Amino acid sequence: MLYRALFWLVLRHLPAETAHRVGTALLGALTWPPGMKALCRWLTAARDPRLRLTVFGRELPSPLGLAAGFDKDGRHPAALAALGFGFVEIGTVTAQAQPGNPRPRMFRLVRDRALINRLGFNNRGAAAAAARLARRPAVPLLGINIGKTKIVDEAGALADYAASTTLLGPLADYLVVNVSSPNTPGLRDLQAVDKLRPLLAHVRATLDRASPDRRVPLVVKIAPDLADDDIDAVAAMALELGLDGIIATNTTIARGGLATPADAVAALGAGGLSGAPLKARSLEVLRRLRAKVGDRLVLIAVGGIETADDAWARIAAGATLVQGYTGFVYGGPLWPRRIHRGLARRLRAAGLPALRAAIGADA
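A brief structural summary.

Cut-offs used in this document
- Residues numbered from 1 in each chain as written.
- Predicted model: local features only at pLDDT ≥ 70, side-chain atom pairs only at ≥ 80, totals over all residues.
- Heavy atoms only, no water.
- Helix = DSSP H or I, 4+ residues; strand = E, 2+ residues; numbered from the N terminus.
- Rg over C-alpha atoms; globule rule 2.2 N^0.38 Å.
- Buried < 20%, exposed > 50% of the residue type's maximum accessible area, 1.4 Å probe, protein only.
- Areas by Shrake-Rupley, 256 points an atom, 1.4 Å probe, with all protein chains shown as cover.
- Lys, Arg positive; Asp, Glu negative; His and termini not counted.
- Charge placed at Lys NZ, Arg CZ, Asp CG, Glu CD.
- Patch = residues over 30% accessible without salt bridge, like charges linked within 9 Å, V, L, I, M, F, W, Y side chains within 5 Å.
- Salt bridge = Lys/Arg side-chain N within 4 Å of Asp/Glu carboxyl O.
- Axes fitted to C-alpha atoms, helices over the stretch in contact; angles between N-to-C directions.
- Parallel < 35°, antiparallel > 145°, perpendicular 65-115°, else oblique.
- Left-handed = near helix turned anticlockwise from the far one by under 90°.
- Contact = heavy atoms within 4.5 Å.
- Nonpolar A, V, L, I, M, F, W, Y, C, P; charged D, E, K, R; others polar.
- Pairing = 2+ DSSP bridges.
- Expected span 1.5 Å × (residues − 1).
- Arc of directions from axis to C-beta.
- Polar contact = N/O pair within 3.5 Å; in protein donor to acceptor, adjacent residues only side chain to side chain.

## Topic: the overall build of the chain
Looking only at helices and strands, one finds 13 helices and 13 strands in the chain. The C-alpha atoms of the chain give 19 Å as radius of gyration, which agrees with the globular expectation for 363 residues (21 Å, within 12%). Viewed in the frame of its principal axes, the chain has a C-alpha envelope of about 50 × 50 × 45 Å. For the chain, the proportion of its 363 residues judged to be buried stands at 57%. In the structure as shown, the chain presents an accessible area of about 14,800 Å², 58% of it carried by carbon and sulfur atoms. Charged side chains in the chain number 47 positive and 29 negative. The centres of these two groups are separated by 9 Å.

Structure representation (structure tokens):
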């Protein structure tokens, strides 16, 4: 209730990106004074042992993670884990530092519980992130999401992704190839299987060279705007190449069915839409992937997850892990705690001994 009051009285009147900077700055308070992180972890941690599961060789306290985009440079993974997230995905990081698109570039659609962003992979580059992450942050599972530098053309994409992979791959518990953001020109073209297959094969080979003593899981993140046939093709290719997982889905360029007036939405301009309006399509994509790959890949669901019921629906549809971003922005710092409690209630009501038993129950 306190956060909701703060949101309605203060935060919603600030530009969305300014509010984000304020929020991430406050995360720094979780590292000081001593003991603050421990206190936050005690308040927000998943308490029901049935929520625990092992993914990519690591034991997680819960299946709920923070999606890429919130902590682009990997500054706050430990503080975010202290807020109760079972895992944290940082990024998107590019090989070269870049400022992103001109401001304003992030907008709230409060009536739709949604965001539009055209940030454009603003980050300080792979070398800076690698230096920061070299001292392992206290996170049960750390994902690192990499994308293409804007000034690099399609012909240079393989080398660009490989440069990020070499620096960041050995520091990741899983590495994500992002080819699905709508805010880097030409990036989504790389989702076509004839272009995606050589890219992922090259990243996999680079990752194995960069981390010879530990096989780092490789995951690809896809857009909700892909046609169903293209989703099927990506699923088949992921199995063929021996990928470890698929994240479904990134933001959408669609604008249908919004409560916000169409002229107000149009005035905001281009960008990826996230939040509640993405819920139905992201679930459709997840179900289609599960039908194609079964339990052979780790499916990570993201897009429109606001409540424990949303998370439960994704898990029952076949997701091993779920992620949030916009739900966290609107829900506040106790949002992970509410998701954990709701999932625990669903497990008890279903009489299931562990979350693992719920994965794919409705598939």
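Once the structure has been displayed, the description carries forward.
## Quick word on a nonpolar patch on the surface
Among the surface-exposed residues, L39, W42 and L43 lie close enough to one another that they form a single nonpolar patch of about 310 Å² accessible area. Within the fold, L39 resides in helix α3 (residues 36-44).

## Overview of the packing of helix α8 (residues 228-241) against helix α10 (residues 279-293)
Where α8 contacts α10, the two axes come as close as 9 Å, and the packing angle between them is 45°. By the angle between their directions, the pair α8 and α10 is classed as oblique. The handedness of the crossing between α8 and α10 is right-handed. In this structure, α8 contributes D228, I231, D232, A235 and L239 to the contact, and α10 contributes R281, V285, R288, L289, K292 and V293. Residue composition of the contact of α8 with α10, by class: six nonpolar, no polar and five charged.

## Observations concerning the sheet that holds strand β3 (residues 64-66)
One closed barrel holds the eight strands; their spatial order is β3-β4-β7-β8-β9-β10-β12-β13, and the pairing between them is parallel. Going across the sheet, the axis of each strand differs from the next one's by a mean of 25°, ignoring polarity. Alignment of strand β9 (residues 218-222) against strand β10 (residues 245-248), held across four bridges, turns out to be parallel. Bridge pairing in β10 links I222 to A248. Taken strand by strand, α10 contacts β9, β10 and β12 (298-302), and its axis lies near 175° from that of β12.

## Overview of helix α7 (residues 193-210)
Taking 1.5 Å per residue, 18 residues should reach 26 Å; α7 reaches 25 Å between its end C-alpha atoms and fits that length. Those residues of α7 that fall on the buried side of the exposure criterion are V193, L196, L199, L200, V203, R204, T206 and L207. Seen from one end, α7 has its buried residues packed into an arc of 170°, which puts them on one side. Exposed side chains of α7 directed beyond 90 degrees from the buried face belong to D194 and R209. In this structure, the buried residues of α7 make contact with α6 (157-168), β8 (174-178), β9 and α8.

## Details of the side chain of E17
By secondary structure assignment, the location of E17 is in helix α2 (residues 16-27). Note on E17: relative accessible area 11%, which makes it buried. Setting aside residues no more than four positions away along its own chain, E17 makes contact with R103, R105, M106, L119 and N122.

## Regarding the side chain of T149
By the secondary structure assignment, T149 is in the loop between β7 (142-147) and α6. Polar contacts involving the side chain of T149 include one to the main-chain amide nitrogen of A95, which spans 3.4 Å. There is a polar contact of 3.3 Å between the side chain of T149 and the backbone nitrogen of Q96. The residues touching T149, leaving out its near neighbours within four places in the chain, are T94, A95, Q96, Q98 and D160.

## Describing the sheet that holds strand β6 (residues 114-117)
On the basis of which strands lie adjacent, the open sheet formed by three strands has the order β5-β6-β11 and antiparallel pairing. One side of each edge strand has no neighbouring strand; the edge strands of this open sheet are β5 (106-109) and β11 (272-275). Mean inter-strand twist for the sheet, computed between neighbouring axes without regard to direction, equals 25°. Pairing geometry for β6 and β11, over four bridges, is antiparallel.

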